Each structure stands twice: as C-alpha cells, then as structure tokens.
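Residues per chain, in single letters:
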Amino acid sequence: MYQENIVFDSVDPHTQGRFWQELLGCKFLGEEAQGFETRLEIPGGPTLDLCFQRVAEAPGEPVRLHLDLLGGPEQSQRAAQAVKLGARRGGIRQHDVSGTVWADPGGNAFCVLENRPYSSTGPIAALPLDSADVSRDAQFWAWLTGWNQSFAGQPGSLRHRSGHGPLLELHPESEPKGPAKNRMHLDMRLESGDDAQVIAEEIVARGGRELHPNWGELAWRVYQDPSGNEFCVLPVAGGGNDD
C-alpha cells in the first residue's frame, strides 16, 4: 500500500486543477465533467497525483489538511506567481509556520514558506494535517503510508522512505474534528498481494474506523484516522506502481 493522491473537493475542478498544475509544474493527466487530475513527480522520490473532484456545494470548514509550498529565497517569486494564477491573500493558518498564507481559486488555504530546513522536497514542502494526538497519529500514518520519521525529536514528521518528497506533518488540532467532511484528503493505493479486508481490520485495530457513506457503489473504501480525518483506500491499479 502506498500514498497516491492528494484530493481536493471543488465546485470548479478545472480552474482549481489548472491553478495547481501551473504553480507546481505538474504533468496533466486528464479531465472530465466530474474532475481534473495532474501529477507531481519528485526526482528520486514518490509520484503524487493531485485530484480535483466536483462537489455540488463549495466546501467550507474544516481546514485540517493543506499544502506548505517551498519558498525560501524564492518566496516572493512563488507568491507572485500564485497571485498571477488566481490566488488571494487569506486562508487559515493551521500551525506555527514562518511564511505567507494564501487561498487558491477554490478557497483552500496554503502557505508559501520562508527559510526552513527542508531539502529534496520538490515544490510541496509539507502536508500539514491536524491531529488530536500527534504521537499516536504519526504511528498510524507511518504504518499506513510506509513513510519514516523524518527528524529526530519531531514524532509528527514523516517522509517517504527515499528521503525525497514532501513531509507529512502532524500538528496539534485547534479543535476536535466535527461531523463535516474534510475539504482535502489523502488516498492510499493497494498493491498486488495486499488483502483489502486484512488492511481494513488493521486500520480499525490501530484506532481508525471505516465509513459507509451514501455515495452509491464505490470501487474504493472510505476511512477516518484516529483523529477523524478522512482518507480512502483504492483497489490495486491495473498498470501496477513504480513507487
């Protein structure tokens, strides 16, 4: 099993998807009435697809997952590019970070960081995720993704085993997760040899739970982590995986 997608709920997936594709330098995968997909390839590291799925109403709270973009010496240029593509100042700062806070065309908050000790991340430095218990959730996500603890003394920081690509950073939540679905979530993909039912039972044993939303017949399964953050587990890909 491996992390495959960063998924955005969007009333206008084409506009939002093209914004992120241009800002991050992603590779276009495809679009249809219900969505837009683009691919971020990290040299020497993981491949992450950004998927924008159409929803009927503009997503609101909670903002429990967002993107931190690598800025550093190019912070102002990256911010200027974002504005040119349609970003605006605003959004909600979800953790203590040195940088500027923006909102994409769909209203999703993201940060453009100042100098931080990130290296080999690609354009996305981190994926900050709210957590009710950082140590517990870091163990859960480390098992789920196969990613490793990134920095000694920072139990909430995980990174792909290659040492490349963005960090998954667990941060203390400002308030508990409510009943509303997160406006962004992560997708996992089963690999050949994975047993979907065994993984489902292990997710529950580690503090997560399976959801059964009334969305019709689905090819994937929907879960929450121990802090209530939604994620999906997708079936084995027909073409395999090069991760």
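This one's a predicted model, so the numbers in the text were calculated from it and none came from an experiment. (Residues numbered from 1 in each chain as written. Predicted model: local features only at pLDDT ≥ 70, side-chain atom pairs only at ≥ 80, totals over all residues. Heavy atoms only, no water.)

Visitor: I'm lost on helix α2 (residues 75-85) in this one. Help?
Guide: Residues lying three or four places apart along an α-helix face the same way, a consequence of the helix completing one turn every 3.6 residues. Taken together, the buried positions of α2 are Gln75, Arg78, Ala79 and Ala82. Down the axis of α2, the buried set is contained in an arc of 100°. They therefore lie on one face. Across α2 from its buried face, at more than 90 degrees, point the exposed residues Ser76 and Lys84. Its buried side turned inward, α2 meets α1 (13-24), β5 (67-69), β7 (99-103) and β8 (109-113). Just past α2, the residue Gly86 takes up positive phi, approximately 125°. (Buried < 20%, exposed > 50% of the residue type's maximum accessible area, 1.4 Å probe, protein only. Helix = DSSP H or I, 4+ residues; strand = E, 2+ residues; numbered from the N terminus. Arc of directions from axis to C-beta. Contact = heavy atoms within 4.5 Å.)

Visitor: Help me understand the nonpolar core, please; the structure alone is not making it clear to me.
Guide: The biggest cluster of nonpolar side chains holds 44 residues, and the ones touching the most others in it are Ile6, Trp20, Leu67, Phe110 and Trp141. The contacts of Leu67, once residues within four sequence positions are left out, are Ile6, Phe8, Trp20, Ala109, Phe110, Cys111, Ile124, Ala126, Leu127, Pro128 and Met184. Residues Val101, Cys111, Ala125 and Leu167 belong to the second largest nonpolar core, which totals seven residues. (Core = buried A, V, L, I, M, F, W, Y, C linked by side-chain atoms within 4.5 Å.)

Visitor: Just checking my understanding: could you explain helix α3 (residues 134-145) for this structure?
Guide: Between its terminal C-alpha atoms α3 stretches 16 Å, which fits the 16 Å expected from 12 residues at 1.5 Å a residue. Three or more residues of α3 are buried, namely Val134, Asp137, Ala138, Phe140, Trp141, Leu144 and Thr145. Along α3, the residues classed as buried sweep out an arc of 165° about the axis, all on the same side. Phi turns positive, to about 80°, at Gly146, one or two residues after α3. (Expected span 1.5 Å × (residues − 1).)

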